[in-house]
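# Notes for the structure review
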Amino acid sequence: MLCSMAIRMKEWGMQAYPRQGVHLPLNALNDWGRTGRALGQGVAAAGQGLAALAPAIEQVARTGRSADAAAMLDEIGRETVEELLDLPVRDWDYSWQQAYAPRVHEMLNEFSGGERDEALRLSELYGEKYSLEGRRSMELERLHQAKSHWRRQVDTAVQSGDADSARQWVEQGRGVFVPESEMPQELEAVQSRSLLSRWQQHLLQDPHTALAEWQSPTALKPAGQAELSALEKEMQKTRAGLFDQLAVQLGASLEQGDEPDAGQLERAVAAGVLAPEQLALLQQPRTALSVAESCNWFRRIDERAEADDARLVVDIALAPLPVEQKQVLLRRLQDTAAVPQQRRSRMSRALWNLYRAGRFGCPGDEEAMRCLGRLQEEALRGMNSWSEKDCERWLETFSRAGEDNWVCFE
């Protein structure tokens, strides 16, 4: 047997390179199922072969120096498998013989007589064992690569928002990469993820139209709760961003003395950025602010939260007021922007408490409101330049003013 092995080794160098073995087509959509099943069957057959070889190897390895030969062959087999798995093998059996036989031939030189015969017999068993293991590992790796490529095709279709293509790719993996029992969930998942991607792209390209279509009862939305929740959050974030943009545009127009653009506002209403009632305010007659209304506007501006600037700009721009008065309110909003919220709120509330306590006259009386309005104007200058103590001293001057100087006849 050793001589025949040597002859075969010499013959290998004289033989033509074998034809290419079966390979996995990664570009043909319709071959996924057939190829995956063939690979799976090969892996299963290799596993059965390994199980059948185990008893024979154990029986031979129990005699004489066979244990030493077994240890050496075990190392040879592992090294050969590792070497071939790092190479682009096209014909496994041919490549295995080329790599394994020379190592075995060198190992057999350490034995003679009956021990050599036993070692040679054991080398055949180990060769078959590790060849099967290596083939199995190679086919598993090819199967893993095929699955990775298939998954990339599914994900590419999903990320592009092409739900039909994504479903077709999943169908190609039916029974190969996706168990039959998991197909309904997988199909629903790729449909849901594809719709998520499609809506996300639509939001980036045309946010107003996307938000308007999202509100339609016929809108096709993701079925998965995770995708639906994520999309709802993105819609809210986009809507808030559009509202801030609208506030900037309305503020700029108002500074120029221009009325809001009706078409722009209608688009904002359709997208849910503005409420229909806000748009309806522009249809009302323009009336000048009364003294009380002006004081209330100033109070609202001064006591606003830091995050309410955009909303106030929009409310001012859409209020049914003459443009000149809108500009006054907008300027106050801008002038108080740099004042800490706590400071301007405290100043405003202190003035209103003094007003309600009757320090400026009878609450509700127009003259008392005029006094409050003048002090609100003066407070604006103080908020921007006075220290905290200056503000407190200024307010203290009104704490007892007019305490007994008016009579309420109610």
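In this text, all values refer to a predicted model and were calculated from it rather than measured experimentally.

So, about the overall build of the chain. Along the chain, the regular secondary structure elements total 17 helices and zero strands. Relative to all contacts within the chain whose residues are 6 or more apart in sequence, the contacts with residues 24 or more apart total 71%. Put simply, the chain shows about 22,900 Å² of open surface, and 50% of that area lies on carbon and sulfur atoms.

In this section: the pattern of salt bridges. One pass over the structure, following the stated rule, counts 19 salt bridges. A salt bridge links Glu171 to Arg174; the shortest N-O distance between them is 3.0 Å. Of the residues examined, Glu171 reaches a relative accessible area of 35% and is grouped as partly exposed. Residue Arg174 is classed as partly exposed on the basis of its relative accessible area, which comes to 25%. Arg349 is the salt-bridge partner of Glu303, the closest N and O atoms lying 3.8 Å from each other. Of the two residues, Glu303 is situated in the loop between helix 12 (291-302) and helix 13 (309-318) and Arg349 in helix 15 (residues 341-356); the sequence distance between them amounts to 46 residues. Judged by its relative accessible area of 19%, Glu303 is buried. A cluster of three or more residues bridged by salt bridges with shared partners is formed by Glu79, Glu83 and Arg103.

With that settled, consider helix 10 (residues 262-270). If you check the start of helix 10, you find a side-chain oxygen 3.3 Å away from the backbone N of Gly263, and it comes from Asp261. Phi turns positive, to about 80°, at Gly272, one or two residues after helix 10.

Grouped together as the largest cluster of nonpolar side chains are 39 residues, with contacts concentrated most on Leu265, Leu274, Trp297 and Leu329. It is helix 9 (residues 225-255) that provides the largest number of residues to this core, a total of eight residues. Discounting residues that sit within four places of it in the chain, Leu274 has contacts with Phe243, Leu246, Leu265, Ala268, Val269, Val314 and Leu318. Val81, Ala99, Phe111 and Tyr126 belong to the second largest nonpolar core, which has 22 residues in total.

On the secondary structure map, Ala288 appears in the loop between helix 11 (276-280) and helix 12. Once the C-alpha coordinates of Ala288 and Pro320 are considered, the two residues, 32 residues apart in sequence, prove to be 8.6 Å apart. Every residue in contact with Ala288, bar those within four places of it in the chain, is listed here: Glu293, Pro322 and Gln325.

This part covers empty space enclosed by the protein. Inspection of every chain in the model, using the stated rule, returns one cavity of 30 Å³ or more. Each pocket or cavity is described by its volume, and for the largest cavity that value is around 40 Å³. Forming the boundary of the largest cavity are Leu250, Ser253, Leu254, Asp258, Glu259, Pro260, Ala317, Val323 and Lys326. Going through the elements one at a time, helix 9 and helix 14 (323-335) are the ones with two or more residues in the lining of the largest cavity. It is helix 9 that contributes the most residues to the lining of the largest cavity, three residues altogether.

Our focus in this paragraph is the environment of Ala101. Along the polypeptide, Ala101 turns up in helix 4 (residues 92-108). Its relative accessible area of 4% is what places Ala101 among the buried residues. Through-space distance from the C-alpha of Ala101 to that of Ile76 is 9.9 Å; in sequence the pair is 25 residues apart.

This part covers the packing of helix 6 (residues 163-172) against helix 7 (residues 183-205). Running from N to C, helix 6 and helix 7 point in directions that differ by 155°, and their axes come no closer than 9 Å. With respect to helix 7, the axis of helix 6 lies roughly antiparallel. Crossing hand, helix 6 versus helix 7: right-handed. Packed against helix 6, whose contacting residues are Ala163, Ala166, Arg167, Val170 and Glu171, the element helix 7 presents Met183, Glu186, Leu187, Val190, Gln191, Ser194 and Arg198 at the interface.

Further remarks concern the packing of aromatic side chains. Evaluation of the coordinates by the stated rule reveals six aromatic pairs. Consider the rings of Trp92 and Trp96, whose centres lie 6.1 Å apart with planes at 25°: the pair is stacked. One end of the pair, Trp92, and the other, Trp96, are both in helix 4, four residues apart, so they sit about a helical turn from each other. Neither Trp92 nor Trp96 differs from the other in exposure class; each is buried. Here a set of aromatic residues connected by ring pairs shows up, and it is made of Trp92, Trp96 and Tyr100. In this structure, Arg299 is placed above the aromatic ring of Trp352, and the distance from its NZ or CZ to the ring centre is 4.8 Å. Positioned above the aromatic ring of Phe298 is the side chain of Arg332, whose terminal nitrogen or guanidinium carbon lies 4.4 Å from the ring centre.

Between two packed helices, what matters for the description is the angle formed by their axes and the separation of those axes. In contact at an axis separation of 11 Å, helix 15 and helix 17 (residues 388-396) are set at 10° when each is read in the N-to-C sense. Considering the angle they form, helix 15 stands roughly parallel to helix 17. Where helix 15 approaches helix 17, its residues Arg343, Arg346, Met347, Ala350, Leu351 and Leu354 are matched on the opposing element by Glu388, Cys391, Trp394 and Leu395. Split by residue class, the contact of helix 15 with helix 17 holds seven nonpolar, no polar and three charged.

Rules used throughout
- Along every chain, residues carry numbers that run from 1 in the direction the sequence is written.
- Local features are withheld for residues below a pLDDT of 70 in this predicted model, meaning they are given only at 70 or higher, and side-chain atom pairs are given and counted only at 80 or more; totals for whole chains, interfaces and linings count all residues.
- Excluded from the side-chain calculations are hydrogens and water; all other atoms, namely the structure's heavy atoms, are used.
- Only DSSP runs of H or I covering at least 4 residues are called helices, and only runs of E covering at least 2 are called strands; the numbering of each starts at the N terminus.
- Every residue pair with non-hydrogen atoms within 4.5 Å of one another is taken to be in contact.
- The method behind every accessible area is Shrake-Rupley, applied with a 1.4 Å probe, and residues are considered shielded solely by the protein chains displayed.
- A side-chain nitrogen of Lys or Arg and a carboxyl oxygen of Asp or Glu constitute a salt bridge if their distance falls within 4 Å.
- Burial classes follow relative accessibility: with a 1.4 Å probe on protein chains only, a residue under 20% of its type's maximum area counts as buried, one over 50% as exposed, and anything between as partly exposed.
- As used in this structure description, the phrase polar contact means that two N or O atoms lie within 3.5 Å; if the pair is within protein, one of them must be able to donate a hydrogen and the other to accept it, and residues adjacent in sequence are counted only when both atoms belong to side chains.
- To qualify as a nonpolar core, a set must consist of buried Ala, Val, Leu, Ile, Met, Phe, Trp, Tyr and Cys residues joined through side-chain atoms within 4.5 Å.
- Buried and open spaces are told apart on a 1 Å grid over the protein atoms alone, a cavity being a set of points where a 1.4 Å probe fits but cannot get out and a pocket being an open set with protein on both sides within 12 Å along at least five of seven lines. Residues with an atom within 4 Å of a point are the lining residues.
- Grid points are joined across faces, edges and corners, and a volume is the space filled by probe spheres set on the points.
- Fitted lines through C-alpha atoms give the axes, limited to the stretch in contact for helices. The angle between two N-to-C directions lies from 0 to 180 degrees.
- The labels follow the angle: roughly parallel below 35 degrees, roughly antiparallel above 145, roughly perpendicular from 65 to 115, and oblique for the rest.
- Crossings are classed by handedness, with left-handed meaning an anticlockwise turn of the near helix from the far one by less than a right angle and right-handed meaning a clockwise turn.
- Any two rings among Phe, Tyr and Trp, with Trp reduced to its six-membered ring, count as a pair given centres within 6.5 Å; such a pair is stacked if its planes are under 30 degrees apart, edge-to-face if over 60, and tilted if neither.
- Placement of a positive charge over a ring is assigned whenever Lys NZ or Arg CZ falls within 6 Å of the ring centre and within 35 degrees of the normal to the ring plane.
- Note that Gly is not counted as nonpolar here; it falls among the polar residues with everything else outside the nonpolar set of Ala, Val, Leu, Ile, Met, Phe, Trp, Tyr, Cys and Pro and the charged set of Asp, Glu, Lys and Arg.

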